[in-house]
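Structural overview for review
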Amino acid sequence: MKHLFPKLGSVSLNILFVIFAMSMANIALAEDEEITDPIAHGEKAHNTYCVKCHTDAVYTRENHFVRSMDALNKQVERCKNMNNVPWFPEDTDAVVQFLNKKYYRF
Ligand code: HEC
């Protein structure tokens, strides 16, 4: 390692490795959670990224415009893309499931 990166001391390389290992562990945890409980995963993802412009009141207001599962999928995708939200398709799908279960009930 020292020969390959002469400017980085072995201490900082070790720290980098630990950070890298920790972030890999986090990714693995996120995937586990997603597989076992998409609703909880969707709720968490939603609450992290989706309450900046509107609250959940838009889903239940009298004249809400999402009227089908298809429309819900499209609107979540649209709002996600508008905001550069870093979700994988599984995350988007989990949020759709969460919104449908809690609010829309199609
Ligand atoms: C940049 C601001 C912004 C963010 C952040 C945002 N939205 Fe939206 N969203 C809007 C606007 C604007 C509307 C349309 C509201 C209106 O017509 O009054 C809307 C409407 C919606 C609707 C339709 C509500 C209805 O009438 O049935 C859904 C569903 C929705 N957003 C989901 C999401 C989700 C999921 C996220 C997180 C990825 C998100 N939004 C984040 C701006 C945003």
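It should be emphasised that the depicted structure is a prediction, and the values quoted were computed from it without experimental measurement.

Some details on the overall build of the protein chain
Helix and strand content of the protein chain: five helices and zero strands. Ordered by position in the sequence, the α and β elements of the protein chain form the string α-α-α-α-α. Going through the 106 residues of the protein chain one by one, you find that 12% of them count as buried. Intrachain contacts of the protein chain at a sequence separation of at least 6 include 66% that bridge at least 24 residues.

A look at the site of the ligand
For the ligand, the set of nearby residues contains 20 residues, the closest of which are Cys50, Cys53, His64, Val66 and Cys79. At the level of elements, α2 (38-49), α3 (57-60), α4 (69-82) and α5 (89-104) are the ones that each hand at least two residues to the shell around the ligand. Examining the composition of the shell around the ligand, we find that five residues originate from one element, α4, more than from any other. Grouping the constituent residues of the shell around the ligand by class yields 13 nonpolar, five polar and two charged.

Examining the environment of Ile39
Tracing the sequence through the fold places Ile39 in helix α2. Under the C-beta neighbour-count criterion, Ile39 is labelled partly exposed, with 15 such atoms within 10 Å. If we skip the residues at most four places from it in the chain, Ile39 touches Gln97, Phe98 and Lys101.

As for the nonpolar core
Within the largest apolar cluster, eight residues are counted, these being Ala45, Leu72, Val76, Ala94, Val95, Val96, Phe98 and Leu99. Where this core is concerned, the elements lending two or more residues are α4 and α5. Apart from the residues within four sequence positions on either side, Val76 is in contact with Thr92, Val95, Val96 and Leu99.

Examining α5
When we look at burial in α5, the residues that qualify are Asp91, Ala94, Val95, Val96, Phe98 and Leu99. Two residues or fewer after α5 comes Arg105, characterised by a positive phi angle close to 55°.

Considering the packing of α4 against α5
With their axes 10 Å apart at the nearest point, α4 and α5 run at an angle of 125° to one another. The orientation of α4 with respect to α5, classified from their angle, is oblique. Of the two possible hands of crossing, α4 and α5 adopt the one that is right-handed. Within the contact between the two elements, α4 uses Met69, Leu72, Asn73, Val76, Glu77 and Lys80 and α5 uses Thr92, Val95, Val96, Leu99, Asn100 and Tyr104. When its residues are assigned to classes, the contact of α4 with α5 shows seven nonpolar, three polar and two charged.

Reading the values: the criteria
Residues numbered from 1 in each chain as written. Predicted model: local features only at pLDDT ≥ 70, side-chain atom pairs only at ≥ 80, totals over all residues. Helix = DSSP H or I, 4+ residues; strand = E, 2+ residues; numbered from the N terminus. Buried ≥ 20, exposed ≤ 12 C-beta atoms within 10 Å, placed from the backbone. Contact = placed C-beta atoms within 7 Å. Near = placed C-beta within 6 Å. Nonpolar A, V, L, I, M, F, W, Y, C, P; charged D, E, K, R; others polar. Core = buried A, V, L, I, M, F, W, Y, C linked by C-beta atoms within 7 Å. Axes fitted to C-alpha atoms, helices over the stretch in contact; angles between N-to-C directions. Parallel < 35°, antiparallel > 145°, perpendicular 65-115°, else oblique. Left-handed = near helix turned anticlockwise from the far one by under 90°.

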